[in-house]
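What follows is the residue order along each chain.
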Amino acid sequence: MSIRQQTDAFDQAPSTAGCRVPYRVFTDRQYYDREQENIFKGNCWSFVGLEAEVPQAGDFKSTFVGETPVILTRDSDGSLHVVVNRCAHRGALVCREMRGNRASLECVYHQWAYDLKGDLIGVPFRRGLKGQGGMPGDFDMSQHNLRQLRTETVGGLVFASFSETVESCRDFLGPIVVEQIERIMCKPITVLGDQRQRIRGNWKLYAENTRDPYHASLLHLFHNTFGLYRSTQTGEALMDANKRHSLLYSIAASNDDAADKQAYGDSRTFDTEFKLQDMSLLKGRQEFADNVTLVILAVYPNLVLQQIQNTLAVRQTVTYGPDEFELVWTHFGYQDDDAEMQAIRLKQANLIGPAGLISMEDGEAVEIVQDAIVGEASATSYIAMGGGRAEDADHLVTEGAIIGFWDNYREMVGFDLEPA
Amino acid sequence: MGLPTLEQMQLQHAAAQVNALHAELIDDDRLEEWPDLFEENCRYSVISAENHNRSLNLAAVFCDSRGMLVDRIVSLRRANIFPAHSYRHILGPTRVKSTSGQIVTAQTNYVVLMTRNDGQTSIYNSGKYVDEIDVSGAAPRFLSKTAIFDTHLIDTMMVRPI
Amino acid sequence: MGLPTLEQMQLQHAAAQVNALHAELIDDDRLEEWPDLFEENCRYSVISAENHNRSLNLAAVFCDSRGMLVDRIVSLRRANIFPAHSYRHILGPTRVKSTSGQIVTAQTNYVVLMTRNDGQTSIYNSGKYVDEIDVSGAAPRFLSKTAIFDTHLIDTMMVRPI
Amino acid sequence: MGLPTLEQMQLQHAAAQVNALHAELIDDDRLEEWPDLFEENCRYSVISAENHNRSLNLAAVFCDSRGMLVDRIVSLRRANIFPAHSYRHILGPTRVKSTSGQIVTAQTNYVVLMTRNDGQTSIYNSGKYVDEIDVSGAAPRFLSKTAIFDTHLIDTMMVRPI
C-alpha cells in the first residue's frame, strides 16, 4: 500500500474554512482495514459490556471489538477478562453462544480447554494414545493461551484494549468522561434488555451523529416539540483534553416555549399541533440533583452512554465493513427502582432504540449520507457550525466535537490513502 | 374421532381473520384503522425473543392503551423520518391454544417482508404472535398482542407496527 | 358475539382453497391445468404496486380471457428461454372482503420463492392477490385475479404465473 | 353451489391444525413433544425435490418409526454440535387432496426461516409437505409426513426437523 503525503484542503489548519472530511473514508475498504489495526486494535480502549451482564462467576458474553470477536468472562475470583474468541489451535470460535455460564471455555472442534482468564488448561491426547501421536515434546501449554486483552472497568463499564502501551483506561477517558460515567452509574444497576440495530452505513457517520447537538432538534420532532431537547436549552458540548470524547448535556427545565417558538420559526420539528393521546409516555421522574435531563456521552471509539429522560442505556458499535455496522443498545435501570420506576423505564424505551420515537431517525440520517456518497473519490463534507474548531461550547449550536473526533482520526488513521 | 366442533372452528376462524385484517391494514398503509382492532384497554408489544427468552421485559415497542397505538401512527405520519418502504405480512395458520370465557388465546407465526424504493424484497422480521382476542363483541378485538421476534438485528429501524 | 356463521366460513374456505390449488398447480408445474381455475371470460393481471398505486394500468402480465392464459402456458412450454427454476408460493390467510350474489371478493397476501439450479431459495416476488371468485359452480373459479406485487425490481424475468 | 360441506371443512381444519402444531413444537424448541404427533408406525422423510422428481429415494432424513424420531431429538440434544439458531415455519394453507376412510392426504407449502446468533433471518428451506393424517383418534396424527424441499443446497446442516 503506497501512502502519499497530501496537502489537500482538509489537511490544512481549519482556521477559516472549517473541517473537511473526504467522503472516501466512509466507503473505501483501505480505511476500514487501517481503522481495525490502528483504532480498534491500536492505542484505544473499546467498550465491551457492563459488569452487570456477567454478574456471576463463570458468566460470559460474546461480543466484538471493532470486527474482532471477543469474550467477556467473569472468573471464579470475581475478576473480569476479555479474550479473543478464537482457539489457539486452529482458529475456531470458542464461544458460539451469545451469553451463558461455563466453568471453562472449551472449543468444540478438538476440545482444547481454557480457563476463564483464557489460559490453556487442557489438550486432549496431548501425550498421544498408546505411545502414538501426541504433541511435540517441547509443546508448552503456556504459549498457547487465548489472546488476552487488557481489561479495566470504570463505574461498571468494562473496557478492553489490544494495546500494551496505551495509558490506563481512566486516563484514556479523562476526567469529564469518568465523572459522567460515575454520575449515571451511581448505584447498582440491573439490565433491562438489549436492542440491536443494523445500519447500512459507515460507523463513523454515527460517531459524528452522536457528537452533533446541532442536528438533534432539527431532525427529531419528538425532541423539539415536547421540549425533551432543544438547541435553545441550557447545556454544553464539552470534550476531554484530547478531544476524542464528547459530552453533550442539556436541561429541559430551561425551556422557554415562547422564545423557542420564535427560534424555530416554522421548522418542521416544532409542531405545536402535534399532541399525544396518551401522555403517560412522557411521564417521568427527576432522577438527578443537577436537573440534567439529557446526556449523550460519546466515548471514542465505540460507545455512547445515554440518559434521555429516564432511559439509561449504553450503545456499542460493532463494525461489519465500510458500509455496515451494528448498534447494540443495552438498557438498564437501578436495582433499587420501585415498580413504578421500572414501568416508567420500560414505557420510555419507546423513545429510543431502533423503534424509538426519538432516535429511529438516526439510522436514516446515516444511510442517506452513505447512499449519497457512493463512488465519490474526492469530494469532502464541510463542518463548521460553531466556528469550525474542536472547541468546547457553553451552548448547543456547535459541531466542535465532531471536529475533535476527526482530529483524532486523522492522527490514528489519516486521510492520506490512495484511492483504491 | 378427533374432528373439530363447529365452535372450535368458529373461534379459530375469528382469531385467524382478525390477524389477517391486522396484516392487511398495515400492509395496505391503512394505519389509521389499525388501533380499532384493539380494545381500549389493550396491550401491544413487539419484543425480541432474545429478551423474552431471558425474561427481560424490554420491548422495541410497548403500548398499554389504544391511545398509545394512535400516537405511534400519528408520530409515523408527522414526526418520524424513515426510508420509504412497504411491509408484507405472511401469516401462517393461527392456532387456538386456550379459551377462557370470551377470550381466545392464539398463536400465529409470521414473517414481515420489506420492499424499499430499490424494488427488492427482503426478510425484515419473523416471529410469532401470541394474542388474547376478545370475541364477545360484534367483531373480534385484541385484548393483547405480543409479537415475539426472531430477527433481533433490526434493519435500520422499526416504524410501522409488526 | 362476533363468531362467523357457517356460510361465512364456507365462503372463506372456498376462496382460500381455490387459492391454495392455484399455488399448487403452479408450484408442481401442472401449468396446463391452471387455466381451468378461471372462468372463460376472466381477467388475470400481475401489476406492480408502483403502477397500481398511481392508478396506472400497465401490468407485467395482462390477460382478459382463459384463452390468453392457455397461450401463456403454451408459450412458456415451447417458445420461451429461461433458466431452470421452480416457484414456491406461500400464501397467508385469505380474507373475504365482500360478497355479491355468488361472487366473493377476497384478498390474500403471498410471497413467491424461487429456487434456481444452484439450489438456493430466494424471494422472487411478494404482494397480494385481489380476487373475484365465482362460487356458483361445482368448484370455485376466478372471475378475476389481480396480483399486485411489491417487488417492482423483477429478478431476470417473469415467465410463470404468479 | 361449490361450497364445502361441514365435514370437508372439519377435515381440512384438522389437517391444517396438526401442521400448525408441528411447526409450533419445532419453532418453540419443544422438540421432545414432536414425535407424539406421529403414529407409532409412521414414516417421516425430508427429501430434495431434485431426488424426488427423479424417483430417487435418497432422503436427507428418513425415519420409519416413532422411535427413530425420538432418537433424532435425543441426538440433537446430546450429540450434535451445531450453530445456535432457531427456526420459524411459515405454512401456507393446507389442501386436502383425498380421504380414504379415516386417513386424509393433504399438501401444504412451507418455508422454514432460520435466525442465527447474528440476529439476521434468512430462508433456510422451502418446499411442500405431503402428509397422510389419521383423524380416527382423539387428536389427528401423522401416519406419514414427507417434506419435499426445493432448497437442495442445504445451509451448513440440517439438525432440527423440517
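Being a predicted model, the structure only gives us computed values, none of them experimental.

Of the regular secondary structure elements, chain B holds three helices and seven strands. Counting helices and strands in the order they occur from the N terminus, chain B gives α-β-α-β-α-β-β-β-β-β. At 16 Å, chain B has a C-alpha radius of gyration in line with the 15 Å of a compact globule built from 162 residues. Taking the principal axes of the C-alpha coordinates as reference, chain B spans close to 50 × 35 × 30 Å. Burial status across chain B gives 68% buried among its 162 residues. Look at the contacts in chain B between residues 6 or more apart in sequence, and 58% of them connect residues 24 or more apart. In the structure as shown, chain B presents an accessible area of about 5,000 Å², 47% of it carried by carbon and sulfur atoms. Side chains of chain B give 15 positive and 19 negative charges; the mean places of these two sets differ by 3 Å.

Once that is clear, we can look at the interface of chain B and chain A. Counting residues at the interface gives 35 residues for chain B and 39 residues for chain A. Summed over both sides, the interface between chain B and chain A buries roughly 3,300 Å², with carbon and sulfur atoms accounting for 54% of that surface. Where chain B packs against chain A, one counts seven salt bridges. For arginine 78 of chain B, the salt bridge identified is with aspartate 271 of chain A, shortest N-O distance 3.2 Å. Linking chain B to chain A there are 25 residue pairs in polar contact (both at pLDDT 80 or more).

Once that is clear, we can look at the arrangement of the chains. Inter-chain contacts occur across five pairs of chains; the most extensive set of contacts lies between chains A and B. As for chain C relative to chain A, no contact occurs, and the smallest C-alpha gap between them is 18 Å.

Residues and elements named next belong to chain A. Topologically, alanine 88 is positioned in the loop between β4 (80–84) and β5 (99–101). Along the sequence, alanine 88 and aspartate 138 sit 50 residues apart, while their C-alpha atoms lie 16 Å from each other. Excluding its chain neighbours within four sequence positions, the residues that come into contact with alanine 88 are Trp112, Tyr114, His144, Asn145 and Leu146.

Our next topic: the pattern of salt bridges. This model, assessed by the stated rule, comprises 67 salt bridges over all chains. Of the charged contacts in the structure, one is a salt bridge between glutamate 326 of chain A and arginine 196 of chain A, with a shortest N-O distance of 3.3 Å. Here arginine 196 of chain A lies in strand β11 (residues 189–199) and glutamate 326 of chain A lies in strand β17 (residues 325–334), a separation of 130 residues in the sequence. We note that glutamate 326 of chain A, like arginine 196 of chain A, is buried. One salt bridge connects arginine 30 of chain B with glutamate 24 of chain B, and the closest N-O pair in it is separated by 3.5 Å. A residue is classified by how much of its surface remains accessible, and glutamate 24 of chain B, at 4% relative accessible area, is buried. Here the salt bridges share partners, and the residues they tie into one network are Arg99, Asp194, Arg196 and Glu326 of chain A together with Glu50 and Arg54 of chain B.

Attention now moves to the interface of chain A and chain D. Of the residues lining the interface, six residues belong to chain A; the matching set on chain D comes to six residues. Surface buried jointly by chain A and chain D totals about 490 Å² across both partners, of which 43% is contributed by carbon and sulfur atoms. A per-residue breakdown of the area chain A buries against chain D is headed by Arg96, Met98 and Val108 of chain A, which together make up 69% of the total. Applying the counting criterion to the chain A and chain D interface returns zero salt bridges. Seen at the junction of chain A and chain D, the total is two residue pairs in polar contact (both at pLDDT 80 or more). Looking at the side of chain A that touches chain D residue by residue, the class counts come to two nonpolar, no polar and four charged.

Residues and elements named next belong to chain A. Sheet architecture is open: three strands sit in the order β6-β7-β8, paired in antiparallel fashion. At either end of the open sheet lies a strand with only one pairing partner, and these are β6 (105–106) and β8 (120–122). Pairing of β6 with strand β7 (residues 113–114) involves two bridges; the strand directions are antiparallel. In the strand pairing of β7, glutamate 106 is matched with alanine 113.

A word on the nonpolar core. Phe159, Leu173, Ile181, Phe222 and Trp406 of chain A together with Met158 and Ile162 of chain B are the most contacted members of the largest nonpolar core, which has 142 residues in total. Not counting residues within four places of it along the chain, the set of residues in contact with phenylalanine 222 of chain A comprises Gly227, Leu228, Phe274, Leu276, Leu281, Leu351, Leu357 and Ile358 of chain A together with Ser75 and Ala79 of chain B.

Turning to the environment of arginine 77 of chain D, a few remarks are in order. Residue and element names in this part refer to chain D. Looking at the secondary structure, you find arginine 77 in helix α3 (residues 66–78). Relative accessible area serves as the criterion here: at 35%, arginine 77 is assigned to the partly exposed category. Sequence separation between arginine 77 and glutamate 32 is 45 residues, and the spatial gap between their C-alpha atoms is 9.7 Å. Setting aside anything within four residues of it in sequence, one finds arginine 77 in contact with Asp29, Leu31 and Glu32. Polar contacts involving the side chain of arginine 77 include one to the side chain of glutamate 32, which spans 2.8 Å.

Counting through the fold element by element, threonine 151 of chain B comes out in the loop between β6 (141–149) and β7 (153–155). Judged by its relative accessible area of 3%, threonine 151 of chain B is buried. Within the structure, the side chain of threonine 151 of chain B is placed 3.0 Å from the backbone nitrogen of serine 126 of chain B, a separation counted as a polar contact. There is a polar contact of 2.6 Å between the side chain of threonine 151 of chain B and the side chain of threonine 121 of chain D. Setting aside residues up to four positions removed in sequence, threonine 151 of chain B forms contacts with Tyr124, Asn125 and Ser126 of chain B together with Thr115, Gly119, Gln120 and Thr121 of chain D.

Residue and element names in this part refer to chain A. Bridge analysis of strand β12 (residues 234–239) against strand β13 (residues 246–251) gives six bridges, and the strand direction is antiparallel. By the bridge assignment, alanine 237 is partnered in β13 with leucine 248. Remark: six residues form the turn of the hairpin made by β12 and β13, two consecutive strands paired antiparallel; lysine 243 in that turn has positive phi of roughly 60°.

Here the focus is helix α1 (residues 6–27) of chain C. Since there are 3.6 residues in each turn of an α-helix, residues three or four apart along the chain are aligned in direction. Residues and elements named next belong to chain C. Compared with an ideal rise of 1.5 Å per residue, which puts 22 residues at 32 Å, α1 spans 31 Å between its outermost C-alpha atoms and is within 8% of the ideal. Extensive coverage of α1 is indicated by the burial of 18 of its 22 residues. Taken from the residues just after α1, aspartate 29 is the one with a positive phi, measuring 60°.

Conventions and cut-offs
Note that residues are indexed from 1 along each chain, following the sequence as it is written. Key to labels: chains lettered from A, ligands numbered from 1, both in the order written. Under the rules for a predicted model, residues below a pLDDT of 70 receive no local features and side-chain atom pairs below 80 are neither given nor counted, while totals for whole chains, interfaces and linings still include all residues. Computation of side-chain values covers all heavy atoms of the structure but excludes hydrogens and water. Secondary structure is summarised from DSSP: a helix means a run of H or I of at least four residues, a strand means a run of E of at least two, and numbering begins at the N terminus for each. The quantity called the radius of gyration is restricted to C-alpha atoms. Its globule counterpart is 2.2 Å times the number of residues to the power 0.38. When accessible area is computed with a 1.4 Å probe and restricted to protein chains, residues below 20% of their type maximum are described as buried, those above 50% as exposed, and intermediate ones as partly exposed. Contacts between residues were defined by any pair of non-hydrogen atoms, one from each residue, lying within 4.5 Å. Areas reported as accessible are Shrake-Rupley estimates using a 1.4 Å probe. Residue values count occlusion only from the protein chains shown. Charged-residue counts in this description rest on Lys and Arg as positive and Asp and Glu as negative, His and the chain ends being excluded. Note that the charge is assigned to NZ on lysines, CZ on arginines, CG on aspartates and CD on glutamates. Put simply, buried area is the surface a 1.4 Å probe can reach on two separate parts but cannot reach once they are joined, added for both. Salt bridge criterion: a side-chain nitrogen from Lys or Arg within 4 Å of a carboxyl oxygen from Asp or Glu. Whenever a nitrogen or oxygen atom comes within 3.5 Å of another N or O atom, the pair is scored as a polar contact, on the condition that within protein one atom can donate a hydrogen and the other can accept it, and that pairs from neighbouring residues in sequence are kept only if both atoms are in side chains. Under this grouping Gly is polar, as are all residues other than the nonpolar Ala, Val, Leu, Ile, Met, Phe, Trp, Tyr, Cys and Pro and the charged Asp, Glu, Lys and Arg. When DSSP finds at least two bridges between two strands, those strands are taken to pair. The term nonpolar core refers to a set of buried residues drawn from Ala, Val, Leu, Ile, Met, Phe, Trp, Tyr and Cys, joined through side-chain atoms within 4.5 Å. Under the convention used throughout, the expected extent of a helix is 1.5 Å for every residue step, that is, one less than its residue count.

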